[in-house]
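Listed here are the chains, written in short residue letters.
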Amino acid sequence: MLAENAHLAEHNHERLTAKGIRSVDVMGSIGSGKTAMIIKMATQLKKKGVGVAVIAGDVTGEDDYKRFKEAGIEAYNVNTGKECHLESNLIERTLDKMDLDGIGFVFIENVGNLVCPADFPLGTDVRMVVISVTEGDDMVRKHPMIFTSSDVAVLNKVDLAGYMEVDVEVLKSDYSKIVRNKPLYLTSVKTGEGIEAVMKAIGATK
Ligand code: MG
């Protein structure tokens, strides 16, 4: 099953790159701010004239999908039914429905958790994981796999660190023990802090 997913992921990647589309798999915990961060980055890309589409993955429902649509972003809803992660075949079927001409960037919002998505690459250029200070300071060391399988890691809601009594340095230190030579990006979607750096890291801006 993992091999088949990986094979289909390669196929998705070829398909996207053939159209000149850059893509990011946005993984992360529930409530870490994945949807809000994607809206923020997609809106900035659109202002620069880049065509953006979002594939919104959830177990059930259309909540995130509706948020993207309300923000004026082209979006496609994918429900996994009971699975706690997206798989390449679901992305393939969604790409079938999309008009890829005119799109320069695709965000895929994965199902919110730090376990299942780690083993299932979808064929994106970049895999990114988002956590936030509201989950406590042990999120990185409890879930090393998702951090080692991601290219970019983000700690969101840093503006709330003081209120949550979370020491950001602990999370940074845990991350540096698991992933060498890469920063843990600190962001606040609310204040805009760090968003530009993440956009650079995922290749959304130069
Ligand atoms: Mg979400």
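Below, the structure is looked at part by part. (Residues numbered from 1 in each chain as written. Predicted model: local features only at pLDDT ≥ 70, side-chain atom pairs only at ≥ 80, totals over all residues. Heavy atoms only, no water.)

## Here's the deal with the state of the cysteines
Here is step 1 of the chain: If you walk through the whole model with that rule in mind, you get one disulfide.
Here is step 2 of the chain: Note on cysteine connectivity: C84 is disulfide-linked to C116, with sulfurs 1.9 Å apart. Across the disulfide from C84 to C116, rotation about the S-S bond amounts to roughly -95°, and the bridge is consequently left-handed. Of this pair, C84 sits in the loop between strand 3 (74-79) and helix 4 (88-97) while C116 sits in the loop between strand 4 (105-109) and strand 5 (126-132), and the two are 32 residues apart along the sequence.
Here is step 3 of the chain: According to the relative accessible area criterion, C116 is buried, its value standing at 18%. (Disulfide = S-S within 2.5 Å. Helix = DSSP H or I, 4+ residues; strand = E, 2+ residues; numbered from the N terminus. Buried < 20%, exposed > 50% of the residue type's maximum accessible area, 1.4 Å probe, protein only.)

## Some words on the nonpolar core
Here is step 1 of the chain: Within the largest apolar cluster, 28 residues are counted, with the highest numbers of intra-cluster contacts made by M37, M41, F68, F107, M128 and I202.
Here is step 2 of the chain: Listing elements by their share of this core, those giving two or more residues are strand 1 (22-28), helix 2 (34-47), strand 2 (52-58), helix 3 (63-70), strand 4, strand 5, strand 6 (152-156) and helix 9 (195-201).
Here is step 3 of the chain: Apart from the residues lying within four places of it in its own chain, the contact partners of I202 are R22, V24, M41, F105, F107, V126, M128 and V152.
Here is step 4 of the chain: Grouped together as the second largest cluster of nonpolar side chains are 20 residues, V129, V133, I146 and V179 included. (Core = buried A, V, L, I, M, F, W, Y, C linked by side-chain atoms within 4.5 Å. Contact = heavy atoms within 4.5 Å.)

## Concerning unusual backbone geometry
Here is step 1 of the chain: The residue K157 is not glycine, and still its phi comes out positive at about 60°.
Here is step 2 of the chain: Summarising the element assignment, K157 is placed in the loop between strand 6 and helix 7 (161-164).
Here is step 3 of the chain: A positive phi is found at N181, a non-glycine position, where the angle reads about 65°.
Here is step 4 of the chain: For N181, the position within the fold is in the loop between helix 8 (168-178) and strand 7 (184-186).

## Section: the layout of surface pockets
Where empty space is left can be seen by rolling a probe of water-molecule size over the atoms.
Here is step 1 of the chain: The volume enclosed by the largest pocket comes to roughly 170 Å³.
Here is step 2 of the chain: Around the largest pocket, the lining is made up of 14 residues, and of these G31, K34, T35, D64 and E109 lie nearest the centre.
Here is step 3 of the chain: Secondary-structure elements contributing two or more residues to the lining of the largest pocket are helix 2, strand 2 and helix 3.
Here is step 4 of the chain: At three residues, helix 2 tops the list of elements feeding residues into the lining of the largest pocket.
Here is step 5 of the chain: Among the residues making up the lining of the largest pocket, the classes are represented as two nonpolar, seven polar and five charged. (1 Å grid on protein atoms, 1.4 Å probe; cavity = no way out; pocket = protein on both sides within 12 Å on 5 of 7 lines; lining within 4 Å. Points joined across faces, edges and corners; volume = space filled by probe spheres on them. Nonpolar A, V, L, I, M, F, W, Y, C, P; charged D, E, K, R; others polar.)

## What to know about the coordination of the magnesium ion
Here is step 1 of the chain: Within the protein, the magnesium ion binds to T35 (OG1), D64 (OD) and E109 (OE); these donor distances fall in the range 2.1 to 2.3 Å.
Here is step 2 of the chain: For T35, a relative accessible area of 6% corresponds to the buried category. (Donors = N, O, S within 2.8 Å, 3.2 Å for Na, K, Ca; no water.)

## A short note on the packing of helix 2 against helix 3
Here is step 1 of the chain: Put simply, helix 2 and helix 3 touch, their axes get as near as 10 Å, and they point 25° apart. With respect to helix 3, the element helix 2 is oriented roughly parallel. Pair helix 2 / helix 3 crosses with right-handed handedness. Two secondary-structure elements touch here, helix 2 through T35, A36, I38 and I39 and helix 3 through D64, R67 and F68.
Here is step 2 of the chain: Class assignment of the residues belonging to the contact of helix 2 with helix 3 gives a composition of four nonpolar, one polar and two charged. (Axes fitted to C-alpha atoms, helices over the stretch in contact; angles between N-to-C directions. Parallel < 35°, antiparallel > 145°, perpendicular 65-115°, else oblique. Left-handed = near helix turned anticlockwise from the far one by under 90°.)

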